[in-house]
Amino acid sequence: MKLVTKNNDTNTLYTLKGLLEENGIPAFVTDEHAVRMVNPILFSGASLWVYVDDQWGDAVALLENPDHEVANPLDVDRFYATLQADDTPLRNKALLRLFGVVLVWVLGLLLVVMLLHRMLS
């Protein structure tokens, strides 16, 4: 998965997603709130991503020129059907990432509490 563009207007991103998918490039939009839950420091705002890394160049070119011819378009409906049938590894990876972020936050808070306790003792 590669980032194509960011924009605070999710409607614009969904319009761009439609353009990509009409031309055989499966894409997804992460909204501002979902991204902040995963990593609030590194990411901000909504963004448009392509699923297939090799299609990133075509996606960027297509956004710059809607008449661009995509080199290797995919059957988007078939891609999503396959993705839904085999989304368990992706879901597990997302849950592990979320668990890691929560664990880091809890350990950070524990460290702050321990430091405050030492300072006040």
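For the structure itself, look to the data block above.
## Focus on helix α1 (residues 10-22)
Working step 1: Under the 1.5 Å per step criterion, the end-to-end length of α1 is 18 Å for 13 residues, consistent within 8% with the ideal 18 Å.
Working step 2: Listing the buried residues of α1 in full gives L13, K17, L20 and E21. Along the axis of α1, the buried residues cluster in a sector spanning 90 degrees; they form a single face. Facing away from the buried side of α1, by more than 90 degrees, are the exposed residues N11, T15 and E22.
Working step 3: A distance of 3.1 Å separates the backbone nitrogen of N11 from a side-chain oxygen at the start of α1, and that oxygen is part of D9.
Working step 4: Just past α1, the residue G24 takes up positive phi, approximately 85 degrees.

## Side note on the packing of α1 against helix α3 (residues 56-64)
Working step 1: Their axes nearest at 10 Å, the elements α1 and α3 cross at an angle of 115 degrees. Pair α1 / α3 crosses with right-handed handedness. When α1 is examined against α3, the residues L16, L19 and L20 are found in contact with a partner set consisting of A59, L62 and L63.
Working step 2: By residue class, the composition of the contact of α1 with α3 is six nonpolar, no polar and no charged.

The rules we used
- Residues numbered from 1 in each chain as written.
- Predicted model: local features only at pLDDT ≥ 70, side-chain atom pairs only at ≥ 80, totals over all residues.
- Heavy atoms only, no water.
- Helix = DSSP H or I, 4+ residues; strand = E, 2+ residues; numbered from the N terminus.
- Expected span 1.5 Å × (residues − 1).
- Buried < 20%, exposed > 50% of the residue type's maximum accessible area, 1.4 Å probe, protein only.
- Arc of directions from axis to C-beta.
- Polar contact = N/O pair within 3.5 Å; in protein donor to acceptor, adjacent residues only side chain to side chain.
- Axes fitted to C-alpha atoms, helices over the stretch in contact; angles between N-to-C directions.
- Left-handed = near helix turned anticlockwise from the far one by under 90°.
- Contact = heavy atoms within 4.5 Å.
- Nonpolar A, V, L, I, M, F, W, Y, C, P; charged D, E, K, R; others polar.

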